[in-house]
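Geometric and topological summary
The residues making up each chain are set out below.
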Amino acid sequence: MKKNCRFVAMVLASALVLPAVSPLSVLAENDATEVAGETTEEITANVESNTTEENSKEQNEEEEFLEPEIVSTENLETGNVIVAETKDELKQDTVEDSEEKNAQEEQKDQNEIDLDKYELMDARGDKDFNNDGISDLMTKLLCDGEILTKDGKKVFGEASYLDVQKSDDFDSDGLKNGEEVIVENDEYAVLLSDPTKVDSDEDGYNDFDEKSEDRMVYGINGGVVGSVRLVARHDESTKNPTHGHVYIVYTSYVDNLKLSIDDIYGYYVTNEAYREKLQDAAKAAATGEEGAEIVSWRSTVDEITQANAPQRAKATEDIYIVDAEHEPHTSASVTLNRGDYVSIGHYSVDDVATQQVYKDIVDGIYTPEVVDELMKLYSAATGANPDIEYVKAHLPEIAAVVVPKLPELINKSYNAITPGGVCFNREFYNQKFEFDQGPNEIIEHDITFDQTKKMSEFYAVESGKQYQFMPHNCTSVAADAWNTLFGFTTDENGNIVKTQYYVESAIRYLDYRADLPVIVKNSIRIMGKIGVDGYVGPKTYVTGKALEKYEKSTGAAPTTFTTLQMIGAIIKEKGTAIVPTPEVVPTPGVVVNPTDSGNKGNNTGSNMAGTNQTETVIPMVQPTVTAQATPALATVPTVESTPNRIAAHSSSKSVAANDKEVVEESSEDASLEETTVDDEEKDTDTVSIESEETPLSAEEASKPSFPWPVLIAIAAAILCGIAVYARKRAK
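Everything in this summary refers to the structure shown in the same document. If you're wondering where the values come from, they're calculated on a predicted model, not measured in any experiment.

**Some remarks on helix 6 (residues 136–144)**
Residue pairs spaced three or four apart in an α-helix point in one direction, given the helix's 3.6 residues per turn. Buried within helix 6 we find Asp-136, Met-138, Thr-139, Leu-142 and Cys-143. End-on view of helix 6: buried residues confined to an arc of 160°, all on one side of the axis. Among the residues trailing helix 6, Gly-145 stands out with phi positive, at a value near 80°.

**Details of the packing of helix 12 (residues 368–382) against helix 13 (residues 388–402)**
Here helix 12 crosses helix 13 at 145°, and the two axes come no closer than 10 Å. Here the hand of the crossing between helix 12 and helix 13 comes out left-handed. The segment helix 12 lies against helix 13, with Val-370, Glu-373, Leu-374, Lys-376, Leu-377, Ala-380 and Ala-381 engaging Tyr-390, Val-391, His-394, Leu-395, Ile-398, Val-401 and Val-402. In terms of residue class, the contact of helix 12 with helix 13 is built from eleven nonpolar, one polar and two charged.

**Notes on the packing of aromatic side chains**
Counted according to the given criterion, the structure contains 15 aromatic pairs. Ring centres of Tyr-358 and Phe-469 lie 6.2 Å apart, and the angle between their planes is 75°; this geometry places the pair in the edge-to-face category. Here Tyr-358 is found in helix 11 (residues 351–365), whereas its partner Phe-469 is found in the loop between helix 16 (449–464) and helix 17 (474–487), with 111 residues between them in sequence. When its relative accessible area of 21% is taken as the criterion, Tyr-358 is described as partly exposed. In this structure an aromatic cluster arises from ring pairing among Tyr-268, Tyr-429 and Phe-433. Its end group placed over the ring of Tyr-274, Lys-277 keeps NZ or CZ at 4.8 Å from the ring centre. Geometry around Phe-433 places Arg-312 over its ring, the cationic atom sitting 5.1 Å from the centre.

**Focus on the pairing of strand 6 (residues 245–252)**
For strand 6, the buried fraction is high: eight of the eight residues fall into the buried class. The side-chain alternation of strand 6 yields two buried faces, one formed by His-245, Tyr-247, Val-249 and Thr-251 and the other by Val-246, Ile-248, Tyr-250 and Ser-252. In this sheet, strand 6 lies alongside strand 5 (residues 224–233) in antiparallel orientation, the contact comprising eight bridges. Note that in strand 6 the partner of Ala-232 across the bridge is Val-246. Note: strand 6 against strand 11 (residues 341–348), four bridges, orientation antiparallel. By the bridge assignment for strand 11, Thr-251 is matched with Tyr-341.

Calculation rules
- Residues numbered from 1 in each chain as written.
- Predicted model: local features only at pLDDT ≥ 70, side-chain atom pairs only at ≥ 80, totals over all residues.
- Heavy atoms only, no water.
- Buried < 20%, exposed > 50% of the residue type's maximum accessible area, 1.4 Å probe, protein only.
- Helix = DSSP H or I, 4+ residues; strand = E, 2+ residues; numbered from the N terminus.
- Arc of directions from axis to C-beta.
- Axes fitted to C-alpha atoms, helices over the stretch in contact; angles between N-to-C directions.
- Left-handed = near helix turned anticlockwise from the far one by under 90°.
- Contact = heavy atoms within 4.5 Å.
- Nonpolar A, V, L, I, M, F, W, Y, C, P; charged D, E, K, R; others polar.
- Phe/Tyr/Trp six-rings, centres within 6.5 Å; stacked < 30°, edge-to-face > 60°.
- Lys NZ or Arg CZ within 6 Å of the ring centre and 35° of its normal.
- Pairing = 2+ DSSP bridges.

On their own, these measurements won't tell you what the molecule is for.
Written out as structure tokens, the structure reads:
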């Protein structure tokens, strides 16, 4: 009787403890399956029976689902009978839809892995997971801010270690991370380019297309952002040394180049619709082909008349629009992209006001009678039919009156200030509307971003000085701007010397200086004769520099890594060691070890192999069933397989060890133990687990298990009661 009571007690305890230590998914799949009092064969038979019933039920439901309405009610009423698809066709479509849906759900599961369940493995200095040229340890130090740039910035911004490790090219610019970042002496990071930007310096060129020394410098080839052309126009046939104009044309090599000058007198804005046509004109002017004439209304003086003034004005406004809102002598900016160009020149912008200034000077020195004689003399000498005899007859008496006061006239005229200043696009506006641009001479030179800022500062100062007829005119400002940028250099002795690009612009006498366009034109012509690089020569139509359109190169596509690959290599499941099991190990059924009743009613909830205690021991083992019924018994594969396998129950690796800890206590139960072992060996042959399938219970194994310590305590109390009752019966 004692043996029977003890046996019943242990069986009851096993029934209570087993649900706690078994995966919850098993209980969910097999509604309240009682395994404590059944043999292995019964469990297997029940599971197979349940599986057969479920399969039959699913088949019936599928057949019921595949029963379509062959002819709809509407078709019967209208008399239109349409034969529906056969069951086999519908079934095939359903299976294909189901497979596609399963594939989408599997992909979705992979993309929605909860990384909070995992933690980073220790980054190592001798490993480079993403093969980007930066070790895992160094990548982590850079992402954590342990190593910064010299100016205290994080190399990858706020990106995390995992974000950076997902690819060997974080910004997808064709350069690996290690080609953009180096670490000197393990102390600070040096950026050859910004690993978070495709265009580090935002000049319109991908980092992949620039040399390493240019990637962090705005511009190309050491910071070059554009081209400056010096244009000098003078028509020698006029016999007038003051005739003509000198200015520069700035062409941008980069995108988003903001050219700002703090003091601009007039601003003529480029019409956006004509920007591409202007670059087409530049290409036509460079090759001598047709198309450059878009920038100019005429090529000869005879084409300008009062009658066609409205047409010329309309044609000009199609390309350049006067910015009426701009106030004279205020700042202005123009933003240029690659191939855009703008003219910059100094102008006396008000002819009427300028003439009045000089008239007032003459009137203040001479009497009205002398002025009238001077005007007559000027008209006789410069009219359509110059009257040389009149000039000869009156010149001596006029000179007798003018010469005594000539120094005063020269001094006041030389220092006279007239309205004017620096303008954007005034030359291009005039070329289209009024003034002929030829004949001219052109020299060009590349300009850096720093030189561009220097040029802007120079023009702002010169524009503030306004305009003077001789010492500070268009020739003075343009030539001095060019020489400031390219006309001087420092020799090996530290002396400032002129370069081959220096241009002469003025005739000097004592303290006087007369800047004349013809002098600049001749300087440029001499450069062409001696072969100075950048000589363009005379052009009928003045344009910016012709540029080919920039085509961005594409480097090697970044190597990216999925979340699964990263889990398998650089992160692990929190709190558990993921150890792959090479082969499937079946789990034996419940084994109860009878012990001496010396310590009555005291049961343990853990494995006690190797101890000398005599209380009843109930090992926490799982029942052996077929693989279809208990997929959770499959061993956990390596982490690279599927996301569900990563979540598999980590305790499965200890099942075999638990089986060996069953203690043999009495010969009376030997037959029971032998029977259990035989059943185990028999069931081993029947267990078949598909290694490529993801066990359902593996998905649930990561969930918190039932509070089995509470049940063990309850079982212990029940066993104590049974033991007391058994002793009383024995007495």
